[in-house]
Amino acid sequence: MSKPLPDRRKTSSREAYWRELFNDFSRHQEDHAISGWSPQGLRLRLETYLRTLPALNLAPGALVLDLGCGAGAYSRVLGKAGFRVVGVDFAWLVAGQARKRTTEGAVDYVSGDATCLPFADDLFDHVVCIGLFQSLHKHREAMREIHRVLKPGGVLCLMTLNRRNLKATLDRKLKREEIILVEGQPQARLNTYDPAQFAGELEEAGFCNLRREPVQIYPEKLNGAAGLIRLWNRLPGLGYLTARSFMVIGEKAGD
């Protein structure tokens, strides 16, 4: 059975809960702690994205939106690689921390809502969004907003939590999910998504040429088996059974 909730998990909205939590995280000094990841979790997600980046074929100086930028780890790497970057986070103290930590490259940060982005249509060449969708109440609105601000031919790379993971499935069946109370109604603290259904929703939002893959997040003690884990990840259907997260890449159709 689920445990009684502390007061901080009784909230007026899902976004209010996560915004308060991440603003609290902003007091930390380490990137991973500000973003709410373990050091290993941030490292593996960042490495997965960087392995993917060359295949996106972004032009030098491309304009990139880092949506849910946290402490700015991805924004800084992209800025150093010569891209122009705007990092957005709905926790204003976190966006301020990211700005303080970024000292080179054409990178800026703003506070904003993923369901109502403060940007013109058809603006960005690339949107990277890692770990944001677990906190959203209206994730399909965010999909539509990402599509709106991407240029025709622009590319999205998004990572979120995998609902098909065996542990996540078992937690739901045994009622071990962490919950929050939103206006008195229990909700899972973390949104998880079925990869195939999620890709279908992105397609409905207007994205095309979608491809997805599981992302294995494993403890440091298994680092020596990283090669075997990557091999397992490529086995059709099996990788999703153990993957904590998954990645989807898609494009906005050109004119």
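One structure accompanies this document, and this report is about it.

Rules of the game
Residues numbered from 1 in each chain as written. Predicted model: local features only at pLDDT ≥ 70, side-chain atom pairs only at ≥ 80, totals over all residues. Heavy atoms only, no water. Salt bridge = Lys/Arg side-chain N within 4 Å of Asp/Glu carboxyl O. Helix = DSSP H or I, 4+ residues; strand = E, 2+ residues; numbered from the N terminus. Buried < 20%, exposed > 50% of the residue type's maximum accessible area, 1.4 Å probe, protein only. Phe/Tyr/Trp six-rings, centres within 6.5 Å; stacked < 30°, edge-to-face > 60°. Pairing = 2+ DSSP bridges. Axes fitted to C-alpha atoms, helices over the stretch in contact; angles between N-to-C directions. Contact = heavy atoms within 4.5 Å. Right-handed = clockwise from strand over helix to strand, strands pointing away. Parallel < 35°, antiparallel > 145°, perpendicular 65-115°, else oblique. Left-handed = near helix turned anticlockwise from the far one by under 90°. Nonpolar A, V, L, I, M, F, W, Y, C, P; charged D, E, K, R; others polar.

### Let's talk about the pattern of salt bridges
- Counted by the stated rule, this structure contains 13 salt bridges.
- Here Arg101 makes a salt bridge to Asp31, at a shortest N to O gap of 2.8 Å. Here Arg101 is found in helix 5 (residues 92-101), whereas its partner Asp31 is found in helix 2 (residues 31-35), with 70 residues between them in sequence.
- Its relative accessible area of 22% is what places Arg101 among the partly exposed residues.
- Taking relative accessible area as the criterion, Asp31 reaches 16% and is therefore assigned buried.
- Notably, a salt bridge pairs Asp125 with Lys151, separated by 3.3 Å at the nearest N-O pair.

### Observations concerning the packing of aromatic side chains
- With the rule as written, the count across this model stands at eight aromatic pairs.
- With a centroid separation of 5.4 Å and 85° between ring planes, the pair formed by Phe22 and Phe25 is classed as edge-to-face. With Phe22 and Phe25 both in helix 1 (residues 14-25) and three residues apart, this pair spans about one turn of that helix.
- Between the aromatic rings of Tyr49 and Tyr74, the centroid separation amounts to 5.8 Å while the plane-to-plane angle is 65°, which identifies the pairing as edge-to-face. Placement of Tyr49 in helix 3 (residues 39-52) and of Tyr74 in helix 4 (residues 73-80) is noted, with a sequence separation of 25 residues between them. Grouping residues by exposure puts Tyr49 and Tyr74 together as buried.
- Through pairs of rings, three or more aromatic residues link up here, namely Tyr17, Trp18, Phe22 and Phe25.

### Section: the sheet that holds strand 6 (residues 150-161)
- Judged by pairing direction, the sheet is mixed, and its seven strands sit side by side in the order 4-3-2-5-6-10-9 without closing on themselves. Both edges of this open sheet fall to strand 4 (107-111) and strand 9 (207-215), since each of them pairs with a single strand only. Strand-to-strand, the axes of this sheet are offset by a mean angle of 15°, without reference to chain direction.
- Judged from the five bridges that link them, strand 2 (residues 63-67) and strand 3 (residues 84-89) form a sheet pairing that is parallel. Residue Leu65 lies in a different strand from strand 3, and its bridge partner there is Val86.
- Running over the sheet, helix 6 (residues 139-149) touches strand 2, strand 5 (124-130), strand 6, strand 9 and strand 10 (245-252) and is turned about 145° from strand 6.

### Side note on the pairing of strand 5
- Counting buried positions over the seven residues of strand 5 gives six, a clear majority of the element.
- Bridge count for strand 2 against strand 5 is three bridges, and the pairing is parallel. Within the sheet, the bridge partner assigned to Asp66 lies in strand 5 and is Val128.
- The pairing of strand 5 with strand 6 spans six bridges and is classified as parallel. Following the sheet pairing, Ile130 is matched in strand 6 by Met159.
- This β-α-β element, strand 5 to helix 6 to strand 6, shows right-handed connectivity.

### Some points on the packing of helix 6 against helix 8 (residues 195-204)
- Two numbers describe how helix 6 lies on helix 8: the axes approach to 9 Å, and their chain directions differ by 50°. With respect to helix 8, the axis of helix 6 lies oblique. Note on packing geometry: the crossing formed by helix 6 with helix 8 is right-handed. Between helix 6, through His139, Arg140 and Met143, and helix 8, the contact on the second element is made entirely by Phe198, Glu201, Leu202 and Glu204.
- Of the residues assigned to the contact of helix 6 with helix 8, the class counts are three nonpolar, one polar and three charged.

### Some details on unusual backbone geometry
- Positioned with a positive phi, Asn57 is a non-glycine residue whose angle comes to about 55°.
- By secondary structure assignment, the location of Asn57 is in the loop between helix 3 and strand 2.
- Residue Asn57 is classed as exposed on the basis of its relative accessible area, which comes to 66%.
- One non-glycine residue, Lys175, lies in the positive phi region at around 55°.
- Here Lys175 shows up in the loop between helix 7 (166-173) and strand 7 (179-182).

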